[in-house]
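Observations on chain architecture
Here are the chains, one letter per residue:
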Amino acid sequence: MIGLLHTRSIGADVERVDGRAKVTGAAAYAFDQPVENPAYLHPVRSAVARGRVTGLDTAAAEAADGVLAVLTHRNAPRLASTDDTELAVLQDDAVAFHGQFVAAVVAETPEAARRAAALVAVEYAGEPHDVVLSADRDDLYAAQEPEEHGDVDAAIAAAAVVHDATYTTPPEFNNPMEPHTSVAVWDDGGLTVYESTQGVHTVRPVLAEVFGLDPERVRVIARYVGGGFGSKGTVHANVVLAGLAARALPGRPVKFALTRQDMFRVAGYRTPTVQRVRLAADADGRLTAVEHDVVEQSARIKEFVEGCTKPTRGMYAAPNRRYRQRMATLDVPVTSWMRAPGECPGMFALESAMDEAAIACGLDPVEFRVRNDTRTDPDSGKPFSTRNLVACLREGARRFGWEGRDPAPGVRRDGDWLVGTGVAGSCYPVISDPGSAAVVRYGADGRYQVSIGAADIGTGAWTALTQIAADALRVPMDRIDLRIGDSALPRATVAGGSSGTTNWGTAVVEAARAFRDQHGVHPREGDEARGEMRENTAKEHYAMSAYGAQFAEVRVHAGTGEVRVQRMVGVFAVGRIVNARTARSQLLGGMVMGVSMALHEHGVRDPRFGHVVNHDLAEYHVAANADIGDMEAVWIEEEDPHVNPMGTKGIGEIGIVGAAAAIANAAHHATGVRVRDLPLTTDAFVR
Amino acid sequence: MKTFDYRRATDVGTAVAAVAADPGAAFLGGGTNLVDRMKLGVASPDLLVDVTRLPLDRVQELPGGGLRIGATVRNSDLAADPVVRAHYPVLSQALLSGASGQLRNLATTGGNLLQRTRCVYFQDPDTPCNKREPGTGCSARDGYTRYHAVLGASESCVAVHPSDMAVALAALDAVVVAVGPDGERWIPLTDLHRLPGDAPERDTVLRHGELITAVELPEPVPGARSAYRKVRDRASFAFALVSVAAVLRVADGRVRDVRIALGGVAHKPWRATRAEEALIGAPATAEEFERAAGIELAAARTLRDNAFKVPTARNTITAVLRDLARGGDS
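Residues numbered from 1 in each chain as written. Chains lettered and ligands numbered in written order. Predicted model: local features only at pLDDT ≥ 70, side-chain atom pairs only at ≥ 80, totals over all residues. Heavy atoms only, no water.

**Some points on the domain arrangement of chain B**
- Partitioning chain B into domains gives domain 1 (5–50) and domain 2 (225–326).
- The centre of domain 1 of chain B, based on its C-alpha atoms, is set 36 Å off from the matching centre of domain 2 of chain B. (Domains from an automatic or database assignment.)

Right under this line is the structure:
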């Protein structure tokens, strides 16, 4: 047991400490940074999906007004390392996907750069490309060895009920409001980058390696970040290109913001998935076997595996389990993290299948899930530190008014609208990574400077860490002077995997405890102490995960097939809540993104050209206000003494997990039409 | 974006002369579509002549009945106009179903009519498109066609016209007033936009330099009701998959007057004259409405992704007319 922090600020409904700065425009994001004499970069993107650049005519661009330089693979500075092929920008003539950077113009204004970029004439030797994912491809390779516990085939042969279906999710593209932006400044042989990132300490070592610099010569600053959703969790080519340009133009800081269309090319995205799920159950509706077989795509230049079978491993008790994950290597941009990678698409498949299996067993879908709850992690055999899936299902059913639900599909009508309800489970693991550190220093103003190189990407970390520091030091929040978002501050892990509060909060608590141990409660100016997040040894003994249950009421128009989500209730068991206000926003935001996933998001890659044709927010739709009905996100009390000193489990991602399945299940209940391929657009229902 | 000249016009004659004299010139209204196209590299005018300060910003009742809508009346203002709301609800509903509040505050009546298709291939200079670059081919026909035409398309173009307002105006028998170097002319709204044929680069029958100055509506059909229904995946800020504008007068259980226009199905607002002919004098029943819709849609030709538009249009025509006949809201 860790010894949970005594809480005063933690748990309160606290206004964002950065809220005023953001709504008044005072918060400076990366591109806003005032630098001396900036230049602006605009890239030239490949018009072919595979091949080589054979000709580059840059004369017209170079002659254009305001142009400072045109960079190509022929003249761009050489990188010290090209091991990460995604980051090997302008290092050779190879084209690996449509939209890849093949040149860049740097000019006095963004307009001049953009105009001149259009004047760069590029010739290609195109090669046949292949961008189409299918489970029937004969070149799929195993991303991991197929894994089997027990004997799935025997269990299926002996089962009273077998459900076997394939579910698909399309390519989905993270689109935070703020696109990826970089301001790169070279001086005295060092590089400073103002970067829109989920982790300044994630970017620094990567840039150090790519540019061949001592990490101490690289500084990355990101005090405010306009959303990430995973797309800013790993380093992409944009910041390397900005760094190259700045190096090529001594004395000129270079500003580079991706366009919205670039967000569909070089910022990462979620792979499409094809997922076959087989469930076997006995006559009482107890699962005897679970099989999850996933096919995904990966870019030719860099592998990324979306671990869709992860949630299936711990969700339900079934003595026989088999997981398989196969990949196709395609001429596409690099896939990467997008909110709840693995869990999000994986749980769409599993929780849709659970709904279908419940129906096949003649059981209520809530009851079917409760019946298959497990007290130990099926794969590892470890007990859970806390697990309240059933409590979430019960509480959600109560709040939603699930009791007495008629299971018959397609029979409730309100005018031209068919009405149905659906449920799905949610889960997200408690991810903790050691290595974050924090420093507490007592300032001349009588406040405690708390420093950690964390990132607030809109999640509320500014506020949550202030609350945690206040409680750890046993002072009011206004005595805390938090400093984050700068690699000059102590090392912190990435804002990813819903792990920020766990990792950074633990480091802050450790630093606060060390400070009080060393300096007592009456410190002197300049007193300071450092603390570090160490490996949580409780992980050896316990499986740790957050759980939830999502309920949706959906209407489908009988004449047009339009799908509208009238109502959603999400109940989550996520340990202690640090800030009731920002936590609710996080969970609701996940659920809203789940509505987008269920109904709208679909990046359409044209196989002839290789690019996403609906590459802007006019055509790639996410939910608008009018799509969001009555939506409630709540949590149940959960005290977990094993996860970390705050007792938190992470809330950034679980809100999206299961949401799309709840909506698809409700749409089936409304219409009798089972849609296994996201998104649920009108054409699936219109007759 | 290419640099360009900008001029603010103070009278119609000067504006028309300035654009007519320069093949690279374009009129600028609210800019909600043209400026997007300029940013995308789809349009690159040398000169923009801003017409939004012209004295064309009024909605006036005409002496002989009917309404004259100035070309620079903003979409928000037109939708909120008391006469429009009372006597032409189909128009107000269509306007409010389009774009977003911010865009409607800027977009003008004339500009709305002249907005161009949002076909993803037209909007992407990296792909062939006969409308953007005549003779390069149509990328849409064998591509992503969920939003594309099922009526009146050609081998060279399968794009749809994106306006909601224009669909309502088509059902209202509106007339467009245009001024060119040779003077003023009146063009029925249904004749303003073209079918693509083999010249999809031409959206309308207007000549270069001709400026829309007004749209005129005849007086409302006595005893008729009207409505607009837009079908889309997203509840707001999305173009129509299919839309239906209808004006209906029923007496003694029979259809006495009916005008139907469809959006999202063709290169122009599609006036459903075959369905109208089939309904005049017919019993005002859902069965008859569906039969008439089927007659209109018999000519539909679908592509890979848009076959659903045919049943969607059929069902929506039926439902809108059914609700109008009932006296309820659709």
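Now that the structure has been shown, the text picks up again.
**Some remarks on the packing of helix α11 (residues 461–473) of chain A against helix α12 (residues 500–519) of chain A**
Residues and elements named next belong to chain A.
- It is the contact of α11 with α12, at a shortest axis distance of 9 Å, that shows an interaxial angle of 30°. As judged from the angle between their axes, α11 and α12 are roughly parallel. α12 is crossed by α11, and the crossing has right-handed handedness. Note on element contacts: α12 touches α11 through T501, W504, G505, V508, V509, A512, F515 and R516, opposite A461, L465, I468, A469, A472 and L473.
- Looking at the contact of α11 with α12, its residues break down into eleven nonpolar, two polar and one charged. (Axes fitted to C-alpha atoms, helices over the stretch in contact; angles between N-to-C directions. Helix = DSSP H or I, 4+ residues; strand = E, 2+ residues; numbered from the N terminus. Parallel < 35°, antiparallel > 145°, perpendicular 65-115°, else oblique. Left-handed = near helix turned anticlockwise from the far one by under 90°. Contact = heavy atoms within 4.5 Å. Nonpolar A, V, L, I, M, F, W, Y, C, P; charged D, E, K, R; others polar.)

**Section: the interface of chain B and chain A**
- At the junction of the two partners, chain B supplies 36 residues and chain A supplies 32 residues.
- Across the chain B/chain A interface, buried area totals approximately 2700 Å², and carbon plus sulfur atoms make up 51% of it.
- It is D233, R234 and A235 of chain B in chain B that bury the most area against chain A; as a group they hold 21% of the surface buried on that side.
- Scanning the region where chain B abuts chain A turns up three salt bridges.
- For D416 of chain A, the salt bridge goes to R322 of chain B, with nearest N and O atoms at 2.8 Å.
- Run the count over chain B and chain A and you get 16 residue pairs in polar contact (both at pLDDT 80 or more).
- Listed by contribution, the elements that provide at least two residues to the side of chain B that touches chain A are α2 (34–40), β9 (225–231) and α12 (309–326) of chain B.
- For the side of chain B that touches chain A, the element with the highest residue contribution is α12 of chain B, accounting for seven residues.
- Across the side of chain B that touches chain A, the residue classes break down as 15 nonpolar, eight polar and 13 charged. (Buried area = accessible area lost by both parts, 1.4 Å probe. Salt bridge = Lys/Arg side-chain N within 4 Å of Asp/Glu carboxyl O. Polar contact = N/O pair within 3.5 Å; in protein donor to acceptor, adjacent residues only side chain to side chain.)

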